[in-house]
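Examination of the molecular architecture
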Amino acid sequence: MAPPAKSPKRAVRKAKTKTFTGCWTCRSRKVKCDLRRPSCNRCIKARLDCQGYEVPLYWVTHEDDVSPSFIRRQAMSLPLGNPHWPPGTLKDIDQHIQDIDNLMQHTGTKARISGPFCVFQHQSEIVVDVVTLPAHDVTSRDSVAVSSYLPPSHPSTAGIGGGLSRETTASCALVQGALPNALARSGTASLKVQWEWSLLGHDACKEQFINSLMHHYRQDVATILQPVKHCHNEYRSIYASKAMTISELISGQSHLSRTISSTSRLALMYSLLASSGFHLRNLYKLRDLDHLARNFRAKAYSLLRTALKSLSPVKSQAFREAVLSVTLTLVTADILDGSMSEFWIHLKASDGLVEDLRRQNQPFSPPIAHLVNISRFLRVLSDSTNPDIEPVPWSPAQEESNIFLGDGHTLEYTYGITVTLANLIHRTCSIAKHVAWYKTINGPQTEDFADACNQLHQAISGWRISDEPLTAFAESDDVTVLLASKHMQAFAASILIYFYTRVFPCDGTTMQLLVQTVASHLTDIEKIKESTGYNTTQTASVAWPGFIASCQSAASGRTIWTKWWGTMSEYNIGNITNLWTVVQDTWALRDEGVQDEPVWAAVLTRDGKRVLAI
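Residues numbered from 1 in each chain as written. Predicted model: local features only at pLDDT ≥ 70, side-chain atom pairs only at ≥ 80, totals over all residues. Heavy atoms only, no water.

As for the overall build of the chain
- On a plain count of helices and strands, the chain comes out with 23 helices and six strands.
- Counting the 614 residues in the chain, one finds 51% classified as buried.
- A separation threshold of at least 6 residues defines the contact pool for the chain, and within that pool the share at least 24 residues apart is 71%.
- Of the roughly 29100 Å² of accessible surface on the chain, a fraction of 53% belongs to carbon and sulfur atoms. (Helix = DSSP H or I, 4+ residues; strand = E, 2+ residues; numbered from the N terminus. Buried < 20%, exposed > 50% of the residue type's maximum accessible area, 1.4 Å probe, protein only. Contact = heavy atoms within 4.5 Å. Areas by Shrake-Rupley, 256 points an atom, 1.4 Å probe, with all protein chains shown as cover.)

What follows is the structure, encoded as structure tokens:
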């Protein structure tokens, strides 16, 4: 009798790990990827665009019997690594998880969420202690007052107390896909950062976040703020290079962090982080970025006050250079913020520091000379748009032909203006103060004052770009030289417009021809950048020529200005939006029949504003 037939055995399926480690192109094609970086061989051979990789993720299904620890060790062996922490061992990961668990227990009943590698306060629990005031109200903003800001050597600082009255807290939500290339390349996703560093749990999170903000400042913000590309970018070469190293800022363990020199460098670092945060806020419209940037700025204030308290005659030029750098970067932060509610406070503090430097009777180093010239030029632009002109009696002895140090050629690439033109703006502001004085006494102008006005008019109208050596640029860089020349010619025509609105008027036809000239130069700049590929790295024109000229535009010529201001707004500098609002309000008053020049001054007086057209 034949044995009974054996039933066939079913093959036992071996549990296997499911992996999603291929590039996005291979995943979509459902083919195996060899994981080569930056582009896999399969995509190269198929002549396809390799879409790259993200962090490998591993899942174990219910049927799998593979140990999770084996999966984790397998993931650690991959060359990709994890962008959220430095390469390490399995023990490092276990320790980090333990730190998170401990922190969750330590924080008690407060609502917390654990991010991928950190613990953060829940959004509903975040306290934002930021004073928000109208732009014209400066009496209590961030507890900053001119008297408490200036160096102790200034006579108005006697008996001033120190520090902010209270520390603020903030949060920042950095949404995946919403950050610049610096963050996108680093793989930062849904990173939520609490301002209190102790709550971050792991220094790698802090370092990643700070490095991303600083990278954005150096690569994007610093470039945008200058009208042309140049190897000696002040925002990068002077400010960022003097900031404290990331490791010192994060850990705070170095003995240098307890020195006054390091205090000023820390203040500089926080100021740059504030500028970067404000620009990202403008770019991605994230409210939490605004809170974070304001707290960075408040921290810079506090550290700056600490540094200023130690200012004394025995301090070195390097110390004063560091402090002056901080005050000027705070002006930059206000420009990027757009509120324009405190820039003149920083400029007045800079004036005090410059005078303190002059009293040292020591030759200025090139970096300090450049900072002094920056401070003086920003002061000139601030005075030029001040709606409240201080009447000053006329005296020929008061006039300075040159207020800048050296040849001032660094202004050419920093602001797109020559030292000659910058001095012409300064002289026009001075003459305007004397005109205001003659109006207050309701008396005739003296003959020597009339001669001074005529000489200034001839100097402005007789300026030619061909007379400028432009030593700051290489002759081979013809596109940069052309763009800088266009900026300078726009400045020259707008200075003449400013003269006609502040000193004595011209006829309407002449005014509109000048307005069209400025518009032509500024629009040519954008066309040149687009046609030559210069705009692949964004550089924004200085707004002063456009502001002065567009405010004088007749209704028939405003279309080109509307387009130009729209182009400028794409640079995401907060100040641009503010200036454009003033221009539109000026047009509205003109259309209503207001004739008192300059009309923009009436708008600023009405709204209680001050602007820095930079």
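Next comes the rest of the description.
Here's the deal with the packing of helix α17 (residues 447-461) against helix α18 (residues 478-502)
- Put simply, α17 and α18 touch, their axes get as near as 9 Å, and they point 155° apart. Classified by the angle their axes make, α17 and α18 are roughly antiparallel. Both α17 and α18 take part in a crossing whose hand is left-handed. Along its contact with α17, which presents Cys453, Leu456, His457, Ile460 and Ser461, the element α18 presents Ala492, Ile495, Leu496, Phe499 and Tyr500.
- Across the contact of α17 with α18, the residue classes tally to eight nonpolar, two polar and no charged. (Axes fitted to C-alpha atoms, helices over the stretch in contact; angles between N-to-C directions. Parallel < 35°, antiparallel > 145°, perpendicular 65-115°, else oblique. Left-handed = near helix turned anticlockwise from the far one by under 90°. Nonpolar A, V, L, I, M, F, W, Y, C, P; charged D, E, K, R; others polar.)

Here's the deal with the packing of helix α12 (residues 317-337) against helix α13 (residues 343-358)
- Interaxial distance between α12 and α13 falls to 9 Å at its minimum, and their mutual angle equals 160°. In terms of orientation, α12 lies roughly antiparallel with respect to α13. Note on packing geometry: the crossing formed by α12 with α13 is left-handed. Here α12 contributes Gln317, Arg320, Val323, Leu324, Thr327, Leu328, Leu330, Val331 and Asp334 to the contact with α13, which in turn contributes Phe343, His346, Leu347, Ala349, Ser350, Leu353, Val354, Asp356 and Leu357.
- Each residue belonging to the contact of α12 with α13 can be placed in one class, and the counts come to 11 nonpolar, four polar and three charged.

Quick notes on the nonpolar core
- The biggest cluster of nonpolar side chains holds 137 residues, and the ones touching the most others in it are Phe377, Tyr415, Trp544, Phe547, Trp561 and Trp565.
- Per element, the largest residue contribution to this core is 13 residues, and it comes from α18.
- If near-sequence neighbours (up to four positions away) are discounted, Phe547 is found in contact with Thr385, Trp565, Leu579, Val582, Val583, Trp600, Val611 and Ala613.
- Cys23, Cys26, Cys33 and Cys50 belong to the second largest nonpolar core, which has seven residues in total. (Core = buried A, V, L, I, M, F, W, Y, C linked by side-chain atoms within 4.5 Å.)

Looking at the environment of Ala222
- Tracing the backbone shows Ala222 in helix α7 (residues 203-224).
- Among the residues examined, Ala222 registers a relative accessible area of 0% and is labelled buried.
- In this structure the C-alpha to C-alpha distance between Ala222 and Leu272, which are 50 residues apart in sequence, comes to 9.8 Å.
- Leaving out residues up to four positions away in the same chain, Ala222 has contacts with Tyr217, Asn233, Tyr235 and Arg236.

Structural notes on the packing of aromatic side chains
- The final tally for this structure, using the stated rule, is 15 aromatic pairs.
- Ring geometry for Trp580 against Trp587: centres 5.5 Å apart, planes inclined by 85°, an arrangement best described as edge-to-face. Here Trp580 matches Trp587 in class, with each residue buried.
- Through successive ring pairs, a cluster of aromatic residues spans Trp561, Trp564, Trp565, Trp580 and Trp587.
- Lying over the aromatic face of Trp24, Arg27 brings its terminal NZ or CZ to 4.2 Å of the ring centre. (Phe/Tyr/Trp six-rings, centres within 6.5 Å; stacked < 30°, edge-to-face > 60°. Lys NZ or Arg CZ within 6 Å of the ring centre and 35° of its normal.)

Focus on a positive patch on the surface
- Among the surface-exposed residues, Arg29, Lys32, Arg42 and Lys45 lie close enough to one another that they form a single positively charged patch.
- By the element assignment, Arg42 lies in helix α2 (residues 41-45). (Patch = residues over 30% accessible without salt bridge, like charges linked within 9 Å, V, L, I, M, F, W, Y side chains within 5 Å. Salt bridge = Lys/Arg side-chain N within 4 Å of Asp/Glu carboxyl O. Lys, Arg positive; Asp, Glu negative; His and termini not counted. Charge placed at Lys NZ, Arg CZ, Asp CG, Glu CD.)

Some thoughts on helix α16 (residues 419-441)
- For α16, which comprises 23 residues, the first-to-last C-alpha distance of 34 Å matches the rise-based estimate of 33 Å (1.5 Å per residue) to within 8%.
- Downstream of α16 by one or two residues, Asn442 has phi in the positive range, about 55°. (Expected span 1.5 Å × (residues − 1).)

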